[in-house]
Amino acid sequence: MSKDQVQSGIFADLLEKDSIHVPQVGDIVKGIIVTASKSEVVLDIDGILMGVVRGPELYVEVEEYAHLKPGDQVEAAVLETENEEGHLELSFRQVGQEKAWQNLRDAFKEKNTVKIRIIDANKGGLLARYCQINGFLPVSQLAPENYPRISGGDKSKILEKLKTFVGQDFEVNVITLNEEEGKIIFSEKDVWNKRQKPALDRYHIGMIVDGRITAITNFGVFLNFDDGMEGLIHISEIAWQRIDSPNELFKVGDHIKAEIVSIDGSKIFLSSKKLQKDPWQEASAKYSVGQIVSGSIVKVNPFGLFVKLDEEIHGLAHISQLNVVAKEKITEMFKAGEVSDFEIVSISPSEHRLGLKLAGTSAEQKSAAPAKKKAAKAKNVAKEEAVEEVDSEETK
């Protein structure tokens, strides 16, 4: 009997034993690594078969397959039962992908964090990848330090800011996981909120903080204080007087003090005007109902005029108090920057409100205006008819 016949007989005997299983395509097998390189990994399967994992079927994204060395035991999926060298053709990618999905399922269920890599950006947020599984990190789910606070909300500048994150790793929570639709939504903000909560125990409403302005938006300014804490000063809490933009008073980099006025979850809301003297406390001594004052129109709205009486006190002249008749447009009658005399009709310092009307305007005048206009029109018509009658007589 030849050597080859002996070996074939031994192999046949092994196959007949119940403990021997011949792997089929799609099976998951365990093996011991014989050699490992960046391009190929060779496995010993049960001391009987050899398997090889090559090229795209390697899967370094999962930690289990990232640093393989001889002697390690790993799992692989069977792609072919016999390749050109007579070995099993195996895949780490198929097994690794399922492990990655399971990690995402666990992270979603247990609210654990995962690390993702940013691969692209659009105006809505960041395209991200976990292992080889794609997901999305919306702008609204970014942590405060990464949120693109662009004054005026310029979308092109927002996108420009978002693109700077491409290639970076983010630690996130999985907040939406739909395997059937392949929809995965990540949140960096959730992770930030969770870490922020213990630090918030040091703060309370009424506390004064000293910080640096890190961003200015249309709706307010963001203040960074105490090494990483952040709060928002809403535009209504910046100054006692009315302002159109925070840029009128502040710029990025300014150091200011503010008072904590609210803590909502992990969000801190601040006020800088609370640390300033309220000018309305002395408004009653300075202004009174019936007083005629000179005011500068700062803004014209469909419902009335915002009028500046001094640098700190502004009032509202409602359209009903401006002698605007039917078919007349308030925007054509008044312009920002004009100075007019107004009469104070109401004042409420506690609510920071002061009502005005155009000086010399009365209810009678307003109701009479349309009538006068109608009478003048009738008079002109009568005059025209009289002229036509005279012309007719002269013609005869």
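Here, the structure is the one placed above.
The structure reproduced in this document is the subject of the present report. (Residues numbered from 1 in each chain as written. Predicted model: local features only at pLDDT ≥ 70, side-chain atom pairs only at ≥ 80, totals over all residues. Heavy atoms only, no water.)

1. Focus: the overall build of the protein chain
Selection rule: In this description a helix means any DSSP run of H or I spanning at least four residues, a strand means any run of E spanning at least two, and both kinds are numbered starting from the N terminus. Remark: exposure states derive from per-residue accessible area (1.4 Å probe, protein chains only) relative to the maximum for the residue type, with buried under 20%, exposed over 50%, and partly exposed in between. Here a residue-residue contact requires only that any non-hydrogen atoms of the pair lie within 4.5 Å. Residue-level accessible areas treat just the shown protein chains as cover; the underlying method is Shrake-Rupley with a 1.4 Å probe.
Helices and strands together make up the secondary structure of the protein chain, namely eight helices and 20 strands. The proportion of buried residues among the 396 residues of the protein chain is 36%. A separation of at least 24 residues holds for 57% of the contacts in the protein chain among residues at least 6 apart in sequence. Carbon and sulfur atoms make up 50% of the accessible area of the protein chain, which amounts to about 23,400 Å² in all.

2. Let's talk about the sheet that holds strand 4 (residues 73-80)
This is how the line gets drawn: Note on pairing: two strands pair once DSSP finds at least 2 bridges between them. Structural elements are reduced to axes, namely lines fitted to C-alpha atoms, with helices fitted over the stretch in contact, and the angle between N-to-C directions of any two is expressed from 0 to 180 degrees.
Here we have five strands rolled up into a closed barrel, ordered 1-2-3-5-4, and mixed in their pairing. Shown here is a sheet whose adjacent strand axes are inclined to one another by a mean of 50°, direction ignored. As judged from the three bridges shared by strand 3 (residues 49-54) and strand 5 (residues 88-91), these two strands associate in the parallel manner. When the sheet's bridge partners are listed, Val-52 is paired in strand 5 with Glu-89. Sheet strands touched by helix 3 (residues 92-110): strand 1 (28-36), strand 2 (40-45), strand 3, strand 4 and strand 5. Its angle to strand 4, the strand with the most contacts, is close to 120°.

3. Focus: the packing of aromatic side chains
Short version of the rule: For Phe, Tyr and Trp, where Trp contributes only its six-membered ring, two rings pair if their centres lie within 6.5 Å, and the inter-plane angle classes them as stacked under 30 degrees, edge-to-face over 60, or tilted in between.
For the structure shown, the criterion picks out five aromatic pairs. For the ring pair Phe-165 and Phe-170, a centre distance of 5.5 Å and an interplane angle of 85° mean the geometry is edge-to-face. Summarising the burial analysis for this pair, Phe-165 and Phe-170 share the class buried. Pairing Phe-303 with Phe-306 gives two aromatic rings, centres 6.1 Å apart and planes at 90°, and the pair type is edge-to-face.

4. Points about the sheet that holds strand 20 (residues 353-358)
The five strands lie next to each other as 16-17-18-20-19, forming a closed barrel whose pairing is mixed. Adjacent strand axes in the sheet meet at a mean angle of 50° when their direction is disregarded. Of the pairings in the sheet, the one linking strand 19 (residues 339-348) to strand 20 comprises six bridges and is antiparallel in character. Looking across to strand 20, one finds that Phe-342 is bridged to Leu-358.

5. Some points on the nonpolar core
Formally: Residue types Ala, Val, Leu, Ile, Met, Phe, Trp, Tyr and Cys, when buried and joined through side-chain atoms within 4.5 Å, form a set referred to as a nonpolar core.
Counting residues in hydrophobic clusters, the biggest one holds 45 residues, and the most contacted among them are Phe-92, Leu-104, Ile-116, Leu-126, Phe-170 and Phe-186. Considering every element that reaches this core, the biggest residue donor is helix 3, with six residues. Once residues lying within four places of it in the same chain are set aside, the contact partners of Ile-116 are Ala-128, Arg-129, Tyr-130, Leu-137, Gln-168, Asp-169, Phe-170, Val-172 and Phe-186.

6. Things to note about the pattern of salt bridges
Side chains carrying opposite charge are able to pair once their charged atoms draw close together. How we decide: Take a side-chain nitrogen of Lys or Arg and a carboxyl oxygen of Asp or Glu: if they are within 4 Å of each other, that pair is a salt bridge.
Within the structure shown, the criterion is met by 16 salt bridges. In this structure, Arg-195 and Glu-171 form a salt bridge, with 3.0 Å as the shortest nitrogen-oxygen distance. With Arg-195 in helix 5 (residues 188-200) and Glu-171 in strand 9 (residues 169-178), the pair connects residues that are 24 residues apart, well separated along the chain. When its relative accessible area of 34% is taken as the criterion, Glu-171 is described as partly exposed. Its salt-bridge partner being Glu-282, residue Lys-277 comes within 2.7 Å of it at the nearest N-O pair. On the accessibility criterion, Lys-277 (58% relative accessible area) is exposed. On the basis of relative accessibility, which here comes to 45%, the residue Glu-282 falls in the partly exposed class.

7. As for the pairing of strand 6 (residues 113-122)
Where strand 6 lies against strand 9, five bridges are found, and the strand directions are antiparallel. The residue bridging Thr-113 from the neighbouring strand is Asn-173, located in strand 9. Judged from the five bridges that link them, strand 6 and strand 7 (residues 125-130) form a sheet pairing that is antiparallel. The residue of strand 7 that forms the bridge with Arg-117 is Arg-129. Where strand 6 hands over to strand 7, the hairpin turn is made up of two residues, counted between the paired strands.

8. Examining helix 4 (residues 155-163)
What counts, and what does not: Picture the helix axis, draw a direction to every C-beta atom, and the arc is the one those directions span.
Buried within helix 4 we find Ile-158, Leu-159 and Leu-162. Taken end-on, helix 4 shows its buried residues confined to a sector of 100°, consistent with a single buried face. Where the residues of helix 4 are buried, they touch strand 6 and strand 7.

9. Things to note about the side chain of Ser-271
Stated formally: Under the rule applied, a polar contact is a pair of N or O atoms within 3.5 Å (in protein, one hydrogen donor and one hydrogen acceptor; residues adjacent in sequence only if both atoms are side-chain atoms).
Along the chain, Ser-271 falls in strand 15 (residues 267-271). Ser-271 gets classed as buried once you look at its relative accessible area, which sits at 0%. Side-chain polar atoms of Ser-271 contact the side chain of Glu-237, separated by 2.6 Å. If near-sequence neighbours (up to four positions away) are discounted, Ser-271 is found in contact with Ile-233, Glu-237, Ala-258, Glu-259 and Val-261.

10. Details of helix 5
For clarity, the threshold we go by: What a helix is expected to span follows from its residue count: subtract one and scale by 1.5 Å.
Taking 1.5 Å of rise per residue, 13 residues should cover 18 Å, and helix 5 covers 18 Å from first to last C-alpha, within 8% of that figure. Regarding helix 5, the residues found buried are Glu-188, Val-191, Trp-192, Asn-193, Gln-196, Ala-199 and Leu-200. Among the structural elements, strand 6, strand 8 (133-138), strand 9, strand 10 (183-187), strand 13 (229-234) and strand 15 are those in contact with the buried residues of helix 5.

11. A closer look at unusual backbone geometry
Located in the positive-phi region is Asp-46, a residue other than glycine, with phi close to 60°. For Asp-46, the location among the structural elements is in the loop between strand 2 and strand 3. For His-352, which is not glycine, the phi dihedral falls at a positive 60°. With respect to the helices and strands, His-352 occurs in the loop between strand 19 and strand 20. On the basis of relative accessible area, His-352 is assigned to the partly exposed category, the value being 27%.

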